[in-house]
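What follows is the residue order along each chain.
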Amino acid sequence: MDWTGATDVLRWLRESDPAKVRSLLEEADAVRRREVGDEVHLRGLVEVSNRCVRDCAYCGIAVSHRDLVRYRMTAEEVLACARMAARLGFGTVVLQGGEDYGLTREWVAGVVRAIRQETPLAITLSLGERPDEDLIAWREAGADRYLLRFETTDQDLYRQIHPPLPGETRDRFQILARLRELDYEVGSGIMVGIPGQTWETLARDLWRFREMDLDMIGIGPFIPHPETPLGRPGVPDAGPDQVPANEDTVLRCVALARLLRPDANIPSTTALATINRERGREHGLQCGANVVMPNLTPQRYRVLYEIYPAKASADEPPERTAEAVTRRVLALGRTIARGPGPRRGRGR
Ligand code: SAM
């Protein structure tokens, strides 16, 4: 497919002919098969802390959600999850959390070193907008990848939903560029259907994926959390130009991301599996995705990592989640990848 700019993307987002939309999704599936094959990479997600200094208007673990019981896993608990990921044959463990400075530079570096020593896993971190010194120390300790979604390219909307901390000078794009300089494999992404997000913005978001040197692209629907400013009734939106947070739009975005960045790693996200519990995961994998991140967080913590309500798999033991994901992947005629998976993007 030839692309000249975000207007081509916008045309596909606005396409109303179901046959043409189907052809887009099928083309993305074919490009996925040609570029990254039938293997699905399983990346075990460990939600290490629900403490956060940020006050993002979309997120259920934001600091102003005062009723939420907060937790921080111990190093031994995180290591036990990493061991489980290795035992289940996963190639990567992803340590994700709120932006929690109680997870100190030294603590995270120590956990990364221990996982490195004990397992063959690649290590992905997703711990927010941490200072350079932290990112350097963690890379030196052996972390391979870092995930930080830019959420939206509309800077006004972004500032409204993601207020900066006092004195903050770097935005997420600058941090993403820095992560690349530090030789991390870099992942980013967006939410689809943020109140105030227009089709034009969404087209620019997707086009930005093409311009950036990303190894991984995560796309999920915005899911309102009633305890957040964006989850309360009467939130202003973009009117007739508002992007809906529905499965059709997310799948189109996943397909477009695959076509714009043919060799990227693209997860079929938990948020997508949450808005269609029956088939969301599969639909993502059939429209361009090649990664799934089964949740390995111990159950007692998982229920508290409520970034949005009724998260898929929130109420089952980790082994069951892993087994169910594997079953779904195999039923599609796809295979489970072994090992950490190749590096994508120009930094290969
Ligand atoms: N603190 C780190 C950060 O901000 O990158 C990692 C954790 S954060 C909870 C991970 C991602 O969850 C965010 O990048 C955002 O896209 C997603 N998220 C948060 N609230 C959401 C919501 N209500 N609906 C959908 N996705 C949401």
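The residue count restarts for each chain, going from 1 along the sequence in the order it is written. Restriction of local features to residues with pLDDT of at least 70 applies here, the model being predicted, together with a cutoff of 80 or more for giving and counting side-chain atom pairs; totals for whole chains, interfaces and linings are based on all residues. The basis for every side-chain value is the complete set of non-hydrogen atoms in the structure, without hydrogens or water.

Trainee: Pulling in residues and values, what's your account of the site of the ligand?
Mentor: Near the ligand you find 19 residues, and of these Tyr 58, Gly 97, Arg 149, Glu 151 and Ile 223 are the closest. With respect to the ligand, the side chain of Glu 151 contributes an N or O atom lying 2.6 Å from an oxygen atom. Burial of the ligand by the protein amounts to 93% of the accessible area it has alone, namely 550 Å². Throughout, the protein atoms alone are placed on a 1 Å grid, and a set of points is a cavity if a 1.4 Å probe fits but cannot get out or a pocket if it is open with protein on both sides within 12 Å along at least five of seven lines; lining residues have an atom within 4 Å of a point. By definition, a pocket or cavity contains a molecule when more than half of the molecule's atoms lie within 2 Å of the pocket's grid points. The site holding the ligand turns out to be the largest cavity. Classes in brief: Ala, Val, Leu, Ile, Met, Phe, Trp, Tyr, Cys and Pro nonpolar; Asp, Glu, Lys and Arg charged; the others, Gly included, polar. Counted by class, the shell around the ligand contains 10 nonpolar, 5 polar and 4 charged residues. Near is defined per residue: the residue qualifies when any heavy atom it owns lies within 4 Å of the molecule or strand. Definition of a polar contact: a pair of N or O atoms within 3.5 Å, with one able to donate and the other able to accept a hydrogen when the atoms are protein atoms, and with sequence-neighbouring residues admitted only if both atoms are side-chain atoms. What sets the accessible areas is the Shrake-Rupley method with a 1.4 Å probe; for residues, cover comes only from the shown protein chains.

Trainee: Break down empty space enclosed by the protein for me, with residues and values.
Mentor: Grid points are joined across faces, edges and corners, and a volume is the space filled by probe spheres set on the points. Under the criterion given, the structure shown has 3 cavities of 30 Å³ or more. Size it by volume and the largest cavity reaches roughly 960 Å³. What lines the largest cavity is a set of 46 residues, and nearest its centre among them are Gln 96, Ser 126, Arg 149, Tyr 305 and Ile 307. Each helix is a run of H or I in the DSSP string that is no shorter than four residues. Each strand is a run of E no shorter than two, and both are numbered from the N terminus. At the level of secondary structure, the elements contributing two or more residues to the lining of the largest cavity comprise β1 (39-49), β2 (92-97), β5 (185-192), β6 (216-221) and α10 (270-275). A total of 5 residues in the lining of the largest cavity trace back to one element, the largest contributor, which is β6. What the second largest cavity holds in volume is close to 80 Å³.

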